[in-house]
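A look at the structure
The primary structure of each chain is shown beneath.
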Amino acid sequence: MFNRSPRAVLALVLALPLVLAGCGGDEGGELAADAPLPTAVPAGAEIVFGDQNEQDQVLMRASGELGQMKAKVTYANFIGGPSILEAFRGDAIDLAVVADTPPIQAQAAGVDVPIIAARQERPFDYHLAIAPGANITTLRDLKGKKIAYGEGTGRQPYILRALKKAGLTKKDVTLVPLKAADFPDAIRNRQVDAAPLNEPHYTRYITEYRSRGGTGLPESETAGLATGLWYLYARREALRDPAKAAAIAEYVRHWVRAQAWVNKNPDAWIDAYVVKNQKLSPADGQAMIRSQGAFTFPKLDQALIARQQQTIDLLFEAGDLPKRLQAKEAIDTRFDPVIQEAAASVGASRTPDAGGGS
């Protein structure tokens, strides 16, 4: 899947159900939503993972975790929750990794893709990039400016919190609706004055445009704008298939172990992903590691549900949701023991603030 455009990848992945139809779907009938997860991965089980920026596929290979899996994993690369949601709608992927907002978008659209695992990093997973000559040094300076706005992505509540923190409203700025994939070019081309970028896009922008006046707001300004939460979420129909459910549980186990591997092997991760895959420098990689902090794995409990509910309420109050949703309805707690076993096996923390999270 490497080196394909998102459009080409999506076209390919939407055809995958025709190829994979019937693979791993006949063992043991259909699983109920509250049935215990299967523990044995049958031969021939296959899942399709919706990746972003090729990050998870590189991680799973570099850490050695992918090679230990019994199930076959196919990766499709995307940028942003809306394109992943489109793939879920087409039954083209089984699970994906996203920030905290795409699961809300899916829930609002009536697409059943519950959260099955969470990763906490420092709550600066997005950075507010500023275009050359925009003259923005504080959040208050956003008044009257053009800001990239990505509905259905983690960038959406980020900007809403930024406006609220600055004492501004949507009416005080011009929100420019863009696809997540277009954010980096929009700030480079001065289509917008400010844009929330995640890694590695933010580091790449600062590296390339610092000499031309490209900047970003400091953490003292942007503190509290992001949750630092990233989720694995899975298609409900895949979770009803015993073979796929077992394979997804297996993936969760190895995904947690792989994320914990980054905490202990930052230089190896920088070399595999930042340098070799993203073509950035080791120094850029060190900046990314400092930005993310050590990964932890929050419990799928009432505390996490409450945090997700806060984001839902923010979107609803801004008029960006048709109704107030309930976070508890979109979290599958059956996977918590799987996460616990995996975290314990590598000494990873499940306490959010242990890794500098919010």
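See the structure shown above.
For the structure given in this document, a descriptive report is provided here. (Residues numbered from 1 in each chain as written. Predicted model: local features only at pLDDT ≥ 70, side-chain atom pairs only at ≥ 80, totals over all residues. Heavy atoms only, no water.)

The biggest cluster of nonpolar side chains holds 119 residues, and the ones touching the most others in it are I116, L128, L142, I248, Y251 and F335. Tallying contributions element by element places helix 11 (residues 242–264) first for this core, with 13 residues. Residue contacts for F335: discarding those within four places in its chain leaves L37, I116, L239, I248, A249, V252 and L300. (Core = buried A, V, L, I, M, F, W, Y, C linked by side-chain atoms within 4.5 Å. Buried < 20%, exposed > 50% of the residue type's maximum accessible area, 1.4 Å probe, protein only. Helix = DSSP H or I, 4+ residues; strand = E, 2+ residues; numbered from the N terminus. Contact = heavy atoms within 4.5 Å.)

Attention now moves to unusual backbone geometry. Outside of glycine, negative phi angles account for most residues, and trans bonds account for most peptide bonds. In this chain, E199 is followed by P200 through a cis amide linkage whose omega measures 5 degrees. Looking at the secondary structure, you find P200 in the loop between strand 8 (194–198) and helix 8 (201–209). The phi dihedral of E54 is positive, around 60 degrees, even though this residue is not glycine. Considering the arrangement of structural elements, one finds E54 in the loop between strand 1 (46–52) and helix 3 (55–62).

Looking now at the packing of aromatic side chains. Overall, the coordinates contain eight aromatic pairs when judged by the stated rule. With a centroid separation of 5.0 Å and 80 degrees between ring planes, the pair formed by F88 and Y233 is classed as edge-to-face. Of the two residues, F88 is situated in helix 4 (residues 81–89) and Y233 in strand 10 (residues 229–234); the sequence distance between them amounts to 145 residues. Lying across the ring of F183, R155 places its NZ or CZ 5.5 Å from the centre. The ring of Y209 carries R212 above its face, with NZ or CZ at 4.4 Å from the centroid. (Phe/Tyr/Trp six-rings, centres within 6.5 Å; stacked < 30°, edge-to-face > 60°. Lys NZ or Arg CZ within 6 Å of the ring centre and 35° of its normal.)

Across the five residues of strand 3 (residues 95–99), five count as buried, placing the element largely inside the fold. The alternating pattern of strand 3 places L95, V97 and A99 and A96 and V98 on opposite faces, both of which are buried. Alignment of strand 1 against strand 3, held across two bridges, turns out to be parallel. Paired with F49 across the two strands is L95, which belongs to strand 3. Bridging between strand 3 and strand 10 involves five bridges; their strand directions are antiparallel. Within strand 10, the residue paired with L95 across the bridge is A234. (Pairing = 2+ DSSP bridges.)

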